[in-house]
Amino acid sequence: MNLLASIIEVWVGMIYDFLEILDLPSRQEYVSVAASAFRDFKVASSSSWHLAYLTFRPLVILLGILSHQVAAILRVIAQHSVAHGWVAAKEGYFQLKTATIWFVNFQRELPTSAKYAELGAVGILIALWLLRRHVRNRRYVERTTAWYREKKRRALRRYRRMVEKVAKTSLLLALTLPHLLYIMAALLAKRMIPSVVTYLATRTYLNAILSFWHPLYLTILAISRLSNHLKSYEQVDTAEGKTELPSKLSGRNPEKAGRRGRLVTPSMLKKQQKQKTEMKALRSEVEDLLKYWVVYALLLALFRALLLLPIFGRILNVTAMTTSVIDSTAQPAKIGRWSTGRKAGLLDKFRLSGRFAEELRLAFFVWLRLMPVASFSGSEVSEGKRSEKIVEVEPNKHRPLDISYDFLSPITISAMNSSAFLTKTESFSGSNNDNNSYFAIGIRKFRSILDLAVMLRLCSKNAQDWIISTVVESSSLVPAAVTLVMPSYFTSYGVIYVSLIVPAGYSSRSCAAITRQKTSAELDSLPLDDSRRYLQFWVVHAMISVFLDFISPLLSWVPFSTHMTWLLWAYVQLEHPTRKLYSFLEKELALLGLVSSKDNQNASETLEDSAVVRSFRKIMSALPSNVESKSDQQTLAEESEVNASIHKIVEGSGVPSEGKRNGVNDSGQ
């Protein structure tokens, strides 16, 4: 116990020594300091509150004034809204009452058969609604679509197996077999169901849809997707400075590339791979569309050129025969330029009938766009012995579209090369002096003059590029420019060259650039941007062609209309007008709801702001009306009467009667 007490005494002494080291204040000193701090805090709080009051008092007064004014404005708006709402409610009630009375009287005057017919129509509508609901609940449409896709997949699989078996024997026979089968199927359909084939070719819009409208719709969709891709590509170039492109790092290790530049994560690599896959599919789609429009333009140009010739024009002018689906006889009619009302001659025996021409057109475009082609592998045969070398045949190389394009595109390119055709790269680079034609030399000299003008600040760099681009693109029109000083018959050939041959040549060059880009590892947006430009041109070309065909009866009475058409196509095929016209057309289609709008600036615009609706309103307002126009004095008198009525309503003096407000007496006369 003595030991424990000694230990406690030692610890207590140590604690007292530690407290002396801490130098704790006394209770009286601590209380006095705390009271002084509380007084200082109270004074500081009062001063801060006074400062805040003086600072924010003008703002509070300003907010009070603004609130008072806003309340006054809202009060006036509410009074007028209530007044107009009350008037509108009374008018609505009066019109509803009148319409109800008229409907009841009309139904009473109907005969019994008409009443039963109305009940039957209502019952049919209800039954159709119930049927639609039943079909949606049972998912009949989805099930039918799935069944059709499965059958189609099995049929294509059997077809590919058959072609592969034939390819093991003869590669040439395997390549020609799909086309032979299609010809046999077309002849069999014409033999077995001739009326159905004739009806589809002559009485429906199937030809126009297959050859024109459906490719046009696909072109608009492809332009939209391509614009989104190019926009994202430009954003990537802006963010990364075009120095760390994935294509340039494709041969390196992603981890090393991430150490040198930005870190490449697996999610980024997956996203890049997805973008490459989508871009590959988009390039293929753009290439197919360009090929189709080249083939379509060249066939149309060939047909129009042959129609202008005297002999071929009489043979190919199918409008000379008035045919019927039921009656197979054809009677001669007046044929535009070369026909008369004379007796049938030797050439009339070879003239195509309208029905046969439409059926042939339907068969051709079904073959061009819808015929399936399978990929297969075959063996080469040499001197009667089979070689061990296996040849892989790609379907995209032997499609009808590719066969037609490979046959027709060299004609266009040769025609363009024989003229003053120049590429934009040659003219803008300034380093390529391989082209020593007079036009190329002249453009290089002209570019030097423009460089001097830019240096002297007489024109801008953009203006220089625009001038050079216009001159270069116009160089291909020089062979057709001679027809402008000739009669309209020869100018028609120039119109064909300017509107079809020249764009087809540029589209072929753009398609070849895309093909080269697909085989290379570099990523360049210039060929895709050029392809978008030519796809936009074909959309604009389609719309202008439809418009010119619509007003062709009027143009036939206008002097020099063919020359003006030549100038129109020469202007439209330039880059700046093409993009400008397509932007206008895309905006109109977006306002009409046919395509999706991607411009946030035009999001507030509605259908009423479209040029179509505004033009229709102007035409309707210009037409004569049976409503007598009111004089200005009568209009001012009516406006003053309405304003006085509203003023009385606001003041609470009562609502004017229906007869006074409408300007009629109590009898309603």
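This text goes with the structure placed above it.
The present account deals with the structure reproduced in this document. (Residues numbered from 1 in each chain as written. Predicted model: local features only at pLDDT ≥ 70, side-chain atom pairs only at ≥ 80, totals over all residues. Heavy atoms only, no water.)

**Comments concerning the overall build of the protein chain**
In step 1: A tally of regular secondary structure across the protein chain gives 24 helices and four strands.
In step 2: Buried residues in the protein chain amount to 27% of all 669 residues.
In step 3: Sequence separation of at least 24 residues holds for 70% of the intrachain contacts in the protein chain that already meet a minimum separation of 6.
In step 4: Accessible surface computed for the protein chain: about 46700 Å², of which carbon and sulfur atoms make up 64%. (Helix = DSSP H or I, 4+ residues; strand = E, 2+ residues; numbered from the N terminus. Buried < 20%, exposed > 50% of the residue type's maximum accessible area, 1.4 Å probe, protein only. Contact = heavy atoms within 4.5 Å. Areas by Shrake-Rupley, 256 points an atom, 1.4 Å probe, with all protein chains shown as cover.)

**A word on the pattern of salt bridges**
In step 1: Here the structure, examined in full by the defined rule, presents 12 salt bridges.
In step 2: With its nearest N and O atoms 2.8 Å apart, the salt bridge here joins Arg399 to Asp288. Here Arg399, found in the loop between β4 (385–393) and α12 (400–418), pairs with Asp288, found in helix α9 (residues 266–308); they are 111 residues apart in sequence, far enough to count as distant.
In step 3: When the shortest N-O distance is used, the salt bridge between Arg399 and Asp402 registers 2.6 Å.
In step 4: On the basis of relative accessibility, which here comes to 2%, the residue Asp402 falls in the buried class.
In step 5: Each of Glu287, Asp288, Lys291, Arg399 and Asp402 takes part in one network of salt bridges that share partners. (Salt bridge = Lys/Arg side-chain N within 4 Å of Asp/Glu carboxyl O.)

**Points about the packing of helix α5 (residues 171–192) against helix α6 (residues 194–202)**
Describing two packed helices takes the angle between their axes plus the distance from one axis to the other.
In step 1: Where α5 meets α6, the axes come as close as 5 Å, and the angle between the chain directions of the two elements is 105°. What the angle tells us is that α5 and α6 run roughly perpendicular. Residues Ala189, Lys190, Arg191 and Met192 of α5 lie in contact with α6, whose contacting residues are Pro194, Val197 and Thr198.
In step 2: For the contact of α5 with α6, the residue count by class is four nonpolar, one polar and two charged. (Axes fitted to C-alpha atoms, helices over the stretch in contact; angles between N-to-C directions. Parallel < 35°, antiparallel > 145°, perpendicular 65-115°, else oblique. Nonpolar A, V, L, I, M, F, W, Y, C, P; charged D, E, K, R; others polar.)

**Digging into the packing of aromatic side chains**
In step 1: Applying the stated criterion across every chain yields a total of 12 aromatic pairs.
In step 2: Centroid distance Phe212 to Trp213: 4.8 Å. Interplanar angle 90°. Geometry classified as edge-to-face.
In step 3: The exposure class assigned to Phe212 is buried, which follows from its relative accessible area of 12%.
In step 4: Ring centres of Tyr489 and Tyr493 lie 5.6 Å apart, and the angle between their planes is 85°; on these two criteria the pair is classed as edge-to-face. Of this pair, Tyr489 and Tyr493 are both found in helix α17 (residues 488–519), four residues apart, which corresponds to roughly one turn of the helix.
In step 5: Among the residues examined, Tyr493 registers a relative accessible area of 27% and is labelled partly exposed.
In step 6: Linked through ring pairs, Tyr292, Trp293, Tyr296, Phe537 and Trp538 together constitute an aromatic cluster.
In step 7: One cation-aromatic arrangement involves Arg369 over Tyr292; the distance from NZ or CZ to the ring centre is 5.6 Å. (Phe/Tyr/Trp six-rings, centres within 6.5 Å; stacked < 30°, edge-to-face > 60°. Lys NZ or Arg CZ within 6 Å of the ring centre and 35° of its normal.)

**Examining a nonpolar patch on the surface**
In step 1: Nonpolar side chains collect at one region of the surface, where Met1, Leu4, Ile8, Val12, Ile15, Tyr16, Phe18, Leu19, Leu22 and Leu24 lie side by side and expose about 1100 Å² of accessible area between them.
In step 2: Inspection of the secondary structure puts Leu22 in helix α1 (residues 2–22).
In step 3: Taking relative accessible area as the criterion, Leu22 reaches 44% and is therefore assigned partly exposed. (Patch = residues over 30% accessible without salt bridge, like charges linked within 9 Å, V, L, I, M, F, W, Y side chains within 5 Å.)

**Concerning the packing of α5 against helix α11 (residues 354–369)**
In step 1: α11 packs onto α5 with a crossing angle of 145° between their chain directions and a minimal axis gap of 11 Å. The handedness of the crossing between α5 and α11 comes out as right-handed. Here His179, Tyr182 and Lys190 of α5 lie close against α11, whose contacting residues are Glu359, Ala363, Val366 and Trp367.
In step 2: Among the residues forming the contact of α5 with α11, the class breakdown is four nonpolar, one polar and two charged. (Left-handed = near helix turned anticlockwise from the far one by under 90°.)

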